[in-house]
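# Reading the structure
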Amino acid sequence: MLSSLLSSAQLAPPLEEAAGEALAGELAATAGWRPYPRSLAAVAGALFFIGRRGREKRLCVLWPAGLEPALAGDFHGERTQAAVGGLPIVIQAGPLDHANASGLRVHLQFTAPRLVGTRAAFGAGDRLGLATPAHVQALRGLGLAAIFAQQSVREMSRTGRTPEQVLDSATFGVLEQGWREGYGADADHLKTIEDADATAAAGFTMFTVDPGDHVDGVPGGESAARAKFEALPWGELETTSEDMRRAYVGRTFRLPGDLQIGFDDSTLVAAAVKYGRALAHTAAMYRHLAGVMGRRPFELEMSVDETDSPTTAAEHLFVARELRRLGVRWVSLAPRFVGRFEKGVDYLGDLGEFERCFAEHVAVARRLGPYKISIHSGSDKFSIYPIAARLAGGLVHLKTAGTSYLEALRAVARAAPALFREVLDFAIARYPEDRASYHVSADPGEVPTPESLADDELPGVLDHFHARQVLHVTFGSVVGAEDAGRPRLRDRLLETLADNEEAHYEAVAKHIERHARPFAEGREGLSPEEGDGDDR
Ligand code: ZN
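Model, not experiment: these values are computed from the prediction.

Turning to the nonpolar core, a few remarks are in order. If you look at the biggest cluster of nonpolar residues, it comprises 118 residues, and the most contacted ones within it are F48, F207 and F318. Counting residues per element, this core draws most heavily on helix α11 (residues 265-293), at 14 residues. Other than its neighbours up to four places away in sequence, F207 contacts A187, L190, A196, T199, A200, L289, M293, F298, E299, L300 and E301. Residues Y405, A413, Y431 and V447 belong to the second largest nonpolar core, which totals 35 residues.

What follows is the structure, given as structure tokens:
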């Protein structure tokens, strides 16, 4: 089997499960690195796999002795000679680093990020850099577009990770689990040109522009709002206040589902004052990205989810029409929804109101796109998934991140109670400061203290509203770059998770699958033709 794999010039199809296990067993016996069976991938005279020994992992590249393939030059590692089934081979085992990840993305293209377009998408952020294999296990067979690299600039700075590291972890995770369906890489919550440059250079394919700092949530009374309207950056908006009034005031826009949105002067002024500067910023970011990316294709999302007041249907329609007028192309848009999307816990608000508003956002997205409605802070919002999945009919993108970190902590609570107690104690102490930039309402006084719990009660802490939020927003202090002057929690967490890898993957995969399944079931209804397009 090995020689036939090694004679394949094109990417060989994935091995059947039993064949993969058998070959992995043979290689483990001779090569010293036990392959993850699904990672075995042959192309151009070489066989690749992720190999494991103890808590170490390596990217292994193997070829017949004396027949070094040209691609070997794009990888580095330690070479050893062995024989498998009578065939003399060379195995090169190298670190899971940026150089080897870059080589993989060239030679095994399924490990490189790509565009996902308007397919229903699931964003699985991974703050520790270990969770992609679990995310693959969760999403396999569900038919959703997967975004395995997804990190906001804020998360990267808090965890001390670079855009390259985020992408590299996804690349290795995808290979480890043999995910060949492609995945997207979402540079989330980009606020500045510098954010865009850094993530574009690293190879991200999707850019979520967050113009939230330019959203004016308090237009004031009628006359104050009119003054602000006249003072908008009309040059950047490439229009005038008169022309904009002509385009909206007195008009009614008809949307799918018998919805109508009418504009009078105050509706327009309120929408334009709130989002006008954000539009100008988004258009500038989009044009900058288009210049930086050159011939590399990319996709854009605009997100205003982290702003104070909910986005109305009229405001959404205004934003989408104006972005289009400014020549921006995008695949998804994240409004600020009604209700509260707090970190790590279920939706807080009236589900009926959410349903009505979500339906309006979808109607706007169908009429002016179609593009996807993106749900940020999507972790643990179990009560809204069936509603969103049904109404969006595939035009939806759910983003999660912190919940995978919390499930990793659940695995730690089971495997290393003393370490988990330390994390919980530290998180409670850090919460008052770390909560600042997050939507949370936890009271740290309500979190059970580590001393009050028996070891077997520790995993249950992860089901506790207040504890989840406290643990969720303190990730940067726990795993960040700052050294708290003692054996670093980060290193010990990563070691514990490596030593208990299967339990970690299982905890994360089970939880993420619960998030994704409702969207896999709701995906059938997609019919892009429904966007009637007469407004383009
Ligand atoms: Zn967000």
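Let us now look at the pattern of salt bridges. Evaluated as defined, the whole model comprises 36 salt bridges. Of the charged contacts, one joins R127 and E155 as a salt bridge, the two residues approaching to 2.7 Å between their closest N and O atoms. Here R127, found in the loop between β7 (121-124) and α4 (132-139), pairs with E155, found in helix α5 (residues 153-159); they are 28 residues apart in sequence, far enough to count as distant. Per residue, the accessibility class of R127 equals that of E155, and both read buried. Each of E222, R226, E230, R245 and D265 takes part in a single network of salt bridges with overlapping partners.

It is worth spelling out the coordination of the zinc ion at this point. Distances from the zinc ion to its protein donors, H189 (NE2), D305 (OD) and H376 (ND1), fall at 2.1 to 2.4 Å. Donor residues for the zinc ion sit on one chain with the sequence pattern H-x115-D-x70-H. With H189 in strand β9 (residues 184-190) and H376 in the loop between β15 (372-375) and α14 (385-392), this pair connects stretches of sequence that are 187 residues apart. On the basis of relative accessible area, H189 is assigned to the buried category, the value being 11%. On the accessibility criterion, H376 (5% relative accessible area) is buried.

Now for the packing of aromatic side chains. Centre-to-centre distance and the angle between the planes together describe a pair of aromatic rings. Throughout the structure, instances matching the rule amount to 21 aromatic pairs. Ring plane angle 85 degrees and centroid distance 5.4 Å describe the contact between F148 and W179, whose orientation is recorded as edge-to-face. Of the two residues, F148 is situated in strand β8 (residues 145-152) and W179 in the loop between α6 (163-176) and β9; the sequence distance between them amounts to 31 residues. The class of W179 is buried, set by a relative accessible area of 2%. Between the aromatic rings of Y286 and F298, the centroid separation amounts to 5.9 Å while the plane-to-plane angle is 45 degrees, which identifies the pairing as tilted. Placement of Y286 in helix α11 and of F298 in the loop between α11 and β13 (299-303) is noted, with a sequence separation of 12 residues between them. Accessibility assignment for this pair places Y286 and F298 in one class, buried. The ring of W33 carries the charged tip of R53 above its face, separated from the ring centre by 4.0 Å. The side chain of R514 reaches across the aromatic face of F382, ending 3.9 Å from its centre.

About the thresholds
Along each chain, residues carry numbers from 1 onward, in the same order as the chain's sequence is written. In keeping with the predicted nature of the model, local features appear solely for residues at pLDDT of at least 70, side-chain atom pairs appear and are counted solely at 80 or more, and the whole-chain, interface and lining totals rest on all residues. Only heavy atoms go into the side-chain values, all of them from the structure, while hydrogens and water stay out. Put simply, buried Ala, Val, Leu, Ile, Met, Phe, Trp, Tyr and Cys residues joined by side-chain atoms within 4.5 Å make one nonpolar core. Here's how the labels work: a residue is buried when its accessible area is under 20% of the maximum for its type, exposed when over 50%, partly exposed in between, all with a 1.4 Å probe on protein chains only. A run of H or I in DSSP becomes a helix once it reaches four residues, and a run of E becomes a strand once it reaches two; helices and strands are each numbered from the N terminus. In this analysis, two residues are considered to be in contact whenever any of their non-hydrogen atoms come within 4.5 Å of each other. Salt bridge, as applied in this entry: a Lys or Arg side-chain nitrogen positioned within 4 Å of an Asp or Glu carboxyl oxygen. The donor definition counts N, O and S atoms within 2.8 Å of each metal and applies 3.2 Å to Na, K and Ca; water is not among these atoms, so some sites may look incomplete. In summary, the pairing rule links any two rings of Phe, Tyr or Trp, Trp by its six-membered ring, whose centres are within 6.5 Å, and it sorts them by plane angle into stacked for under 30 degrees, edge-to-face for over 60 and tilted for everything else. Throughout this description, the term charge over a ring refers to an Arg CZ or Lys NZ atom that lies within 6 Å of the ring centre and within 35 degrees of the ring normal.

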